Amino acid sequence: MAEAILEVRDLVKHYPLTQGILFKKQVGAVKAVDGVSFDLAPGETLGIVGESGCGKSTVAKMLVNLERPTAGQIKYKGEDITQMSGRALKAVRRNIQMVFQDPYTSLNPRMTVGDIIGEPYEIHPEVAPKGNRRQKVQDLLDVVGLNPEYINRYPHQFSGGQRQRIGIARGLALQPEIIVADEPVSALDVSVQAQVVNLLDRLQNEFSLSYVFIAHDLSIVRHISDRVGVMYLGRIVEIGRDEEIYDHPTHPYTQALLSAVPVPDPDAREHRERIILTGDVPSPANPPSGCPFRTRCWKARERCALEVPLLEVPAEFRLASGPAHHPSACHFAEEKRVVPDAGSG
Ligand SMILES: Nc1ncnc2c1ncn2[C@@H]1O[C@H](COP(=O)(O)OP(=O)(O)OP(=O)(O)O)[C@@H](O)[C@H]1O
Ligand code: SF4
Ligand SMILES: [Mg+2]
């Protein structure tokens with residue numbers, strides 16, 4: 001892999017749980033993110049997938065500095081941004097922008113599209129001096145496939161897909177290098193999802209962007225990701241190249257998620273093994289000891305309650321160079337092809 005543009009190490013976000021009204025006393029913590037590490041290469045797309053509440057948005061917010069980590073490092077081109085402040089932080093923030101999930105609530109309904117897209121220039125006037133902002137915004141509308149003449153319209157005059165294009169244009173305004181997209185298509189109709197994913201794909205090539213692309217569902221990130229990280233209860237449990245994760249998953253949780261992905265081919269559907277997970281996701285305020293997945297894992301044994309499995313290439317695959325050779329946080333990692341024709345998806 002090329003030298004990373006972003007290196008995330010042991011990232012932690014714990015939200016304190018307090019009791020009492022006047023004298024708040026900390027009685028515990030919601031372990032929203034509990035030790036996440038990954039690299040992002042220039043021009044790469046890393047997909048991050050996991051069920052609701054596993055900490056995806058919290059990771060995203062820390063990457064763009066909307067939340068301060070409890071611990072850990074986020075290195076942008078070798079420098080830890082969690083330790084930066086003032087002008088240095090402002091300069092870095094410009095390069096890491098976010099696209100939000102919900103195009104209905106993330107755009108201010110009382111602002112025109114021009115003001116929404118141009119708002120980042122108020123903070124970074126050096127990117128677009130006042131005189132040529134309107135032209136810049138119109139160029140951005142054009143780039144995301146919207147009519148530049150719509151510049152004076154309001155968000156309610158657009159469809160969901162168009163609003164997400166506006167959100168993307170705003171994310172591009174400061175010419176960032178990295179875009180963190182937090183479920184950018186989840187709120188959209190299925191028919192519109194592909195158009196927005198294709199747009200992101202095109203923009204990536206055009207502007208040499210690196211993406212962290214967050215989704216609930218493995219099927220959405222497959223089309224756009226080079227690598228995928230699977231999250232469970234505040235941690236990444238398996239990470240690897242696209243084909244490693246989809247065709248050679250070794251972590252039971254990834255295998256269960258894949259077994260629920262829709263398969264269009266009826267033949268493949270028939271041969272696909274369904275793994276039904278029982279039980280609920282445990283509360284991040286009180287995660288299980290050892291392996292966080294053990295309360296729902298059909299392979300759990302005594303060791304799983306005692307020892308936290310580390311995210312590393314499992315010992316049994318370390319010597320081989322095949323597709324199972326990728327990090328998986330399971331004491332009993334085994335290769336298992338869940339979707340027979342996943343390779344053609
Ligand atoms: N400000 C906060 N204070 C306390 N707990 C929080 C806060 N923000 C998030 N959490 C908790 O942290 C956990 C992770 O939340 P997060 O929003 O990151 O999950 P997610 O994976 O993005 O979920 P979804 O798929 O529903 O968007 C959840 O249990 C959530 O309730
Ligand atoms: S470590 Fe144990 S409980 Fe965790 S995923 Fe592996 S087998 Fe299951
Ligand atoms: Mg979220």
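This text follows the structure it describes.
Residues numbered from 1 in each chain as written. Chains lettered and ligands numbered in written order. Predicted model: local features only at pLDDT ≥ 70, side-chain atom pairs only at ≥ 80, totals over all residues.

Some words on the sheet that holds strand β2 (residues 25–40)
What counts is decided by this rule: Strands are labelled as partners when DSSP assigns at least two bridges between them. Comment: elements are numbered from the N terminus, with helices defined as DSSP H or I runs of at least four residues and strands as E runs of at least two.
Ordered in space as β2-β1-β4-β5, the four strands form an open sheet in which the pairing is antiparallel. Edge strands, defined here as strands with exactly one partner in the open sheet, are β2 and β5 (79–80). Two elements, strand β1 (residues 6–19) and strand β4 (residues 71–76), share five bridges in a ladder whose sense is antiparallel. Looking at β4, one finds that Glu7 is bridged to Lys75.

Overview of helix α1 (residues 56–63)
Our working definition: Around each residue's C-beta, the other C-beta atoms within 10 Å are counted; 20 or more make the residue buried, 12 or fewer make it exposed, and counts in between make it partly exposed. All C-beta atoms are placed from the backbone.
Among the eight residues that make up α1, seven are buried, leaving the element largely enclosed by the rest of the structure. A positive phi of about 70° marks Asn65, the residue just after α1.

Overview of the environment of Pro249
Put simply, the rule is: By the convention adopted here, residues make contact when the C-beta atoms placed from their backbones lie within 7 Å.
Looking at the element boundaries, Pro249 is found in the loop between α9 (242–247) and α10 (252–259). C-beta crowding within 10 Å serves as the criterion here: with 32 such atoms nearby, Pro249 is assigned to the buried category. C-alpha of Pro249 to C-alpha of Lys336: the two residues are 87 residues apart in sequence and 6.0 Å apart in space. Apart from residues lying up to four places away in sequence, Pro249 is in contact with Glu238, Thr254, Gln255, Leu258, Lys336 and Val338.

Some words on the sheet that holds strand β10 (residues 235–241)
To keep things clear, this is the line we draw: With axes taken as lines fitted to C-alpha atoms, and helix axes fitted only over the stretch in contact, angles between N-to-C directions fall between 0 and 180 degrees.
Taken in spatial order, the six strands make up an open sheet running β6-β7-β8-β3-β9-β10, and their pairing is mixed. Single-partner strands in this sheet number two, and they are β6 (96–99) and β10. Averaged over all pairs of adjacent strands, the angle between strand axes in this sheet comes to 20°, irrespective of strand direction. Judged from the five bridges that link them, strand β7 (residues 178–182) and strand β8 (residues 210–215) form a sheet pairing that is parallel. Each bridged residue has a counterpart across the sheet, and for Val180 the counterpart in β8 is Val212. Across the sheet, α1 is in contact with β3 (45–49), β6, β7, β8 and β9 (227–232); its angle to β7 comes to roughly 155°.

Structural notes on the site of ligand 1
Just so we agree on the cut-off: Whether a residue is near a molecule or strand depends on its C-beta atom, generated from backbone atoms, being within 6 Å of that molecule or strand. Note on residue classes: Ala, Val, Leu, Ile, Met, Phe, Trp, Tyr, Cys and Pro are nonpolar, Asp, Glu, Lys and Arg are charged, and everything else, Gly too, is polar.
Around ligand 1 there are 13 residues in total, and Tyr15, Ala32, Ser52, Ser57 and Thr58 lie nearest to it. The set of elements that each furnish at least two residues to the shell around ligand 1 consists of β2 and α1. The greatest single-element share of the shell around ligand 1, amounting to three residues, is contributed by α1. When the residues that make up the shell around ligand 1 are grouped by side-chain class, the tally is five nonpolar, seven polar and one charged.

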